[in-house]
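Reading the structure
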Amino acid sequence: MSLKALLAARIAAQGPITLADYMADCLLHPSYGYYATRDPFGAAGDFTTAPEISQMFGELLGLALAQCWLDQGAPAPFTLAELGPGRGTLMADLLRATRGIPGFHVAMRLHLVEASPVLRAGQRAAIAPHPARWLDTADQLPDQALFLIANEFFDALPIRQFTRDAQGWCETRVGVTDGRLTPGLTAATPFPPLDHRLHDTRPGDIVEICPAATATVATIGQRIARHGGVALIVDYGGWISHGDTFQAVAAHSHVDPFADPGQADLTAHVDFAALAAASPTAHVYTTQGEALLRLGIAQRTAALGRNLPPDGLAGLQADSHRLTAPSEMGTLFKLLALHPAGSPAPPGTV
Ligand code: SAH
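The structure presented is a predicted model; accordingly, all values stated were derived computationally and were not measured. (Residues numbered from 1 in each chain as written. Predicted model: local features only at pLDDT ≥ 70, side-chain atom pairs only at ≥ 80, totals over all residues. Heavy atoms only, no water.)

1. Comments concerning the site of the ligand
Let me state the cut-off plainly: In this text, near means that some heavy atom of the residue lies within 4 Å of the molecule or strand in question. Whenever a nitrogen or oxygen atom comes within 3.5 Å of another N or O atom, the pair is scored as a polar contact, on the condition that within protein one atom can donate a hydrogen and the other can accept it, and that pairs from neighbouring residues in sequence are kept only if both atoms are in side chains. Basically, the charged four are Asp, Glu, Lys and Arg, the nonpolar ten are Ala, Val, Leu, Ile, Met, Phe, Trp, Tyr, Cys and Pro, and anything else, Gly included, counts as polar.
The environment of the ligand is formed by 18 residues, the closest being T49, G84, G86, E114 and N151. In this structure, E114 approaches the ligand through a side-chain N or O atom, which is 2.6 Å from an oxygen atom. Residue N151 places a main-chain N or O atom 2.7 Å away from a nitrogen atom belonging to the ligand. Looking at side-chain class alone, the shell around the ligand contains ten nonpolar, five polar and three charged residues.

2. Description of the packing of helix α4 (residues 55-71) against helix α5 (residues 89-97)
Under the convention used in this document: Lines are fitted to the C-alpha atoms to define the axes, a helix being fitted only along its stretch in contact, and any angle between axes, read from their N-to-C directions, falls within 0 to 180 degrees. Labels follow the DSSP assignment, with helices taken as runs of H or I lasting at least four residues and strands as runs of E lasting at least two, numbered in each case from the N terminus. When an angle is under 35 degrees it counts as roughly parallel; over 145 it counts as roughly antiparallel; between 65 and 115 it counts as roughly perpendicular; any other value is oblique. The hand of a helix crossing depends on one turn: near helix anticlockwise from the far one by less than a right angle means left-handed, and clockwise means right-handed. The contact criterion used throughout is that any non-hydrogen atoms of two residues lie within 4.5 Å.
Packing of α4 against α5 leaves a shortest axis separation of 7 Å and a crossing angle of 55°. Considering the angle they form, α4 stands oblique to α5. Between α4 and α5 the crossing geometry is right-handed. Here Q55, F57, G58, E59, G62, L63 and L65 of α4 lie close against α5, whose contacting residues are L90, D93, L94, R96 and A97. The residue makeup of the contact of α4 with α5, split by class, is six nonpolar, three polar and three charged.

3. Thoughts on the nonpolar core
The following threshold applies: By nonpolar core we mean a set of buried residues, namely Ala, Val, Leu, Ile, Met, Phe, Trp, Tyr and Cys, connected to one another through side-chain atoms within 4.5 Å. Buried, partly exposed and exposed residues are distinguished by accessible area as a fraction of the type maximum, computed with a 1.4 Å probe on protein chains only: under 20%, between the cut-offs, and over 50%, respectively.
The biggest cluster of nonpolar side chains holds 50 residues, and the ones touching the most others in it are Y22, L83, L148, F154, I233 and L275. Excluding its chain neighbours within four sequence positions, the residues that come into contact with Y22 are L7, I17, V174, L181, F246, P257, F258, P261 and L266. Judged by nonpolar contacts, the second largest core, of 43 residues, contains A66, A107, I149 and A291.

4. Remarks on the sheet that holds strand β11 (residues 247-250)
Here is the rule: Strand pairing is assigned whenever DSSP detects at least two bridges linking the two strands.
The three strands lie next to each other as β12-β11-β13, forming an open sheet whose pairing is antiparallel. Every other strand in the sheet has two partners, leaving β12 (253-255) and β13 (265-267) as the edge strands with one partner each. Ignoring strand direction, the axes of neighbouring strands in this sheet form an average angle of 40°.

5. Quick notes on the state of the cysteines
As a reminder of what qualifies: Note that a disulfide, as used here, is simply two cysteine sulfur atoms within 2.5 Å.
Enumeration over the complete set of coordinates arrives at zero disulfides. In this structure C26 is not part of a disulfide, and its nearest cysteine sulfur, from C210, lies 15 Å away. Since its relative accessible area comes to 1%, C26 is described here as buried.

6. Some remarks on the side chain of T219
You can see T219 is positioned in helix α8 (residues 211-227). In contact with T219, other than residues within four places in its own chain, are A138 and D139.

7. So, the pattern of salt bridges
Inclusion rule: By definition, a salt bridge exists where a carboxyl oxygen of Asp or Glu is found within 4 Å of a side-chain nitrogen of Lys or Arg.
Summed over the entire model, instances satisfying the criterion amount to 13 salt bridges. With its nearest N and O atoms 2.8 Å apart, the salt bridge here joins D136 to R120. Separated by 16 residues along the polypeptide, D136 in the loop between β4 (133-135) and β5 (146-151) and R120 in helix α7 (residues 117-127) bring together distant segments of the chain. With relative accessibility at 51%, the residue D136 sits in the exposed group. Notably, a salt bridge pairs E290 with R294, separated by 3.7 Å at the nearest N-O pair. Of this pair, E290 and R294 both sit in helix α10 (residues 288-294), separated by four residues, roughly a single helical turn. Under the relative-accessibility criterion, R294 is labelled partly exposed at 42%.

8. Thoughts on the packing of aromatic side chains
Any two aromatic rings considered together are summarised by their centre-to-centre distance and by the angle between their planes. Operational definition: In this analysis, rings of Phe, Tyr and Trp, with Trp reduced to its six-membered ring, are considered paired at centre separations within 6.5 Å, and the interplanar angle assigns stacked below 30 degrees, edge-to-face beyond 60, and tilted for intermediate values.
Inspection of the entire model under this criterion finds 13 aromatic pairs. Between Y34 and Y35 the ring centres are 5.2 Å apart and the planes differ by 75°, which places this aromatic pair in the edge-to-face class. In this structure Y34 comes out as buried when scored by relative accessible area, which is 0%. Centre to centre, the rings of W69 and F104 are 5.1 Å apart; their planes meet at 80°, and the pair counts as edge-to-face. In this pair, W69 sits in helix α4 while F104 sits in helix α6 (residues 104-107), placing the two residues 35 residues apart along the sequence. With relative accessibility at 2%, the residue W69 sits in the buried group. Here a set of aromatic residues connected by ring pairs shows up, and it is made of W69, F78, F104 and F147.

9. Here we look at the environment of A251
For A251, the location among the structural elements is in the loop between β11 and β12. Separated by 196 residues in the primary sequence, A251 and Q55 have C-alpha atoms spaced 23 Å apart. When near neighbours in sequence (up to four residues on either side) are disregarded, A251 contacts G45 and D46.

10. A few points about α8
This is how the line gets drawn: By this rule, a helix spans an expected 1.5 Å times one less than how many residues it contains.
Its 17 residues place the ends of α8 25 Å apart at the C-alpha level, agreeing with the 24 Å of an ideal helix rising 1.5 Å per residue. Listed as buried for α8 are A213, T216, V217, A218, T219, I220, G221, R223 and I224. Close packing links the buried residues of α8 with β2 (78-83), β5, β10 (229-238), α9 (272-278) and β16 (333-339). Just past α8, the residue G228 takes up positive phi, approximately 95°.

11. Points about the packing of helix α1 (residues 3-14) against helix α2 (residues 19-28)
Where α1 meets α2, the closest approach of the two axes is 11 Å, and the angle between their N-to-C directions is 150°. On the basis of the axis angle, α1 is roughly antiparallel to α2. The way α1 lies across α2 gives a crossing that is right-handed. The segment α1 lies against α2, with L3, L7 and R10 engaging D21, Y22, D25 and C26. Looking at the contact of α1 with α2 residue by residue, the class counts come to four nonpolar, no polar and three charged.

Everything listed here is a matter of geometry and, on its own, says nothing about what the molecule does.
Structure (structure tokens):
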């Protein structure tokens, strides 16, 4: 049996499925899911993420998180959490960079939200000897002060996609045509969760929603509003969903998302306006490039390069450019920070 055959059987039984159902199976099916069965990162894998490009990413964001903890009176104990830690590289860099902050490591209770058993094993090794708890979902996080980081987590959560019609919305559903999985549109119906988008869209426009993302942010934001903390959410996307952003990547190239389910990374751009609206906290929003420059990536590059031969320094400078330049990751990737109303905005965001 293949995932394609399983999906085709499901569609034959119950009719075309939403993109959310399709994405969820492709990414996380226990036997065939993309993340459930492999480590996809790095040059030899399918894609490379910011923490895999440079240690500076996790160091700078980790220190920003620790500064927020100090600014809020160093609550103890507190939850230090990451959503979707991948190889654990960001958390390992964060833990190393925050070693010297008095009390931080003693007070932290490390929690990693990760669905993939394969990746959990790698994370355990990456953060050793620090103890941690692994959780399936963010709503299992303890009800206490929460300092959380997430890089390229929300883009992996399942989306639903709608095309505006004069009468309402047609949803994209995946069916089977001539033995191939193919997207199609339902008939138009009213869809109350998108009523507010009738004002800024026209017939033919495409809008995406990510119910799992807004639910996750709501649960995180409640803890931060109640007990203090901060969430630093980094991902590609923009402010207010507009257009078709559903995509598949394998071996660093775009591929047909319906050709080979479970074999490619499926993602969509993150709608940061929807995330901000889902949290009861205050928020600040900026680009990854601006945030890293304000946090001192240029100075960190120079410091790390001081004892390196010239080509080592050039490599660090190229990594820094890749993370910050508008032509690279600097403006496509955004930082949304959630913080309690009345506490200072996290460093790097203003
Ligand atoms: N943050 C890492 C990895 C990003 S890839 C980095 O920047 O390199 C997405 C990560 O989220 C992977 O670890 C994947 O297994 C995890 N993930 C995806 N969907 C998930 C879900 N629904 N619940 C928990 N973890 C999930």
